[in-house]
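Structural features, examined
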Amino acid sequence: MKTIEITIAADGKSKVETKGFAGTSCRDASRFLEASLGTRKTETLTGEFYATNSQTQQENKSTT
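The rules behind the values
- For every chain, the first residue of its written sequence is number 1, and the numbers climb from 1 along that sequence.
- Given that the model is predicted, a residue must reach a pLDDT of at least 70 before its local features are reported, and side-chain atom pairs must reach 80 or more before they are shown or counted; all residues, however, enter totals for whole chains, interfaces and linings.
- Computation of side-chain values: all heavy atoms of the structure, hydrogens and water removed.
- Helix and strand definitions here come from DSSP, where helices need a minimum of 4 consecutive H or I residues and strands a minimum of 2 consecutive E residues; each element is numbered from the N-terminal end.
- Throughout, exposure labels follow a simple rule: accessible area from a 1.4 Å probe, protein chains only, divided by the maximum for the residue type, with under 20% read as buried, over 50% as exposed, and the rest as partly exposed.
- Note on contacts: a residue pair qualifies if any of its non-hydrogen atoms lie within 4.5 Å across the two residues.
- A side-chain nitrogen of Lys or Arg and a carboxyl oxygen of Asp or Glu constitute a salt bridge if their distance falls within 4 Å.
- Any two strands with at least two DSSP-identified bridges between them are counted as paired.

A separate point is the overall build of the protein chain. Across its full length, the protein chain carries 3 helices and 2 strands. For the protein chain, the sequential pattern of α-helices and β-strands runs β-β-α-α-α. Of all 64 residues assigned to the protein chain, the portion counted as buried reaches 17%. For the protein chain, the share of sequence-separated contacts (at least 6 apart) that also reach a separation of at least 24 residues comes to 36%.

The following block contains the structure:
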């Protein structure tokens, strides 16, 4: 399942985390949120970023 999780800390800092996206599709999906929240300070890429769509689909099927 593809999800976008937004966390806003008490000090006003926000974090956008995508799950279930493969490759750069995570950036495409969260672009509108990042534009609304302001300038990105850091970026941490997960293994999903480097996976292909077929790898992610196979992993999702094996966990359900």
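As a further point, take the pattern of salt bridges. By the definition in use, this model includes 6 salt bridges. One salt bridge connects E34 with R40, and the closest N-O pair in it is separated by 2.8 Å. By sharing partners, the salt bridges in this structure join R27, E34, R40 and E43 into a single network.

Once that is clear, we can look at the environment of S30. Within the secondary structure layout, S30 lies in helix α1 (residues 25-37). Exposure remark for S30: the relative accessible area of 3% places this residue in the buried category. Residues S30 and E5 lie 25 residues apart in sequence; the distance between their C-alpha atoms is 9.7 Å. Filtering out sequence-adjacent residues up to four positions away, S30 remains in contact with I4, V16 and T18.

A separate point is the pairing of strand β1 (residues 3-8). The pairing of β1 with strand β2 (residues 14-19) spans 6 bridges and is antiparallel. Within the sheet, the bridge partner assigned to I4 lies in β2 and is T18.

We now examine the side chain of T18. Along the chain, the position of T18 falls in strand β2. Residue T18 is classed as buried on the basis of its relative accessible area of 18%. If we skip the residues at most four places from it in the chain, T18 touches T3, I4, C26, S30 and E48.

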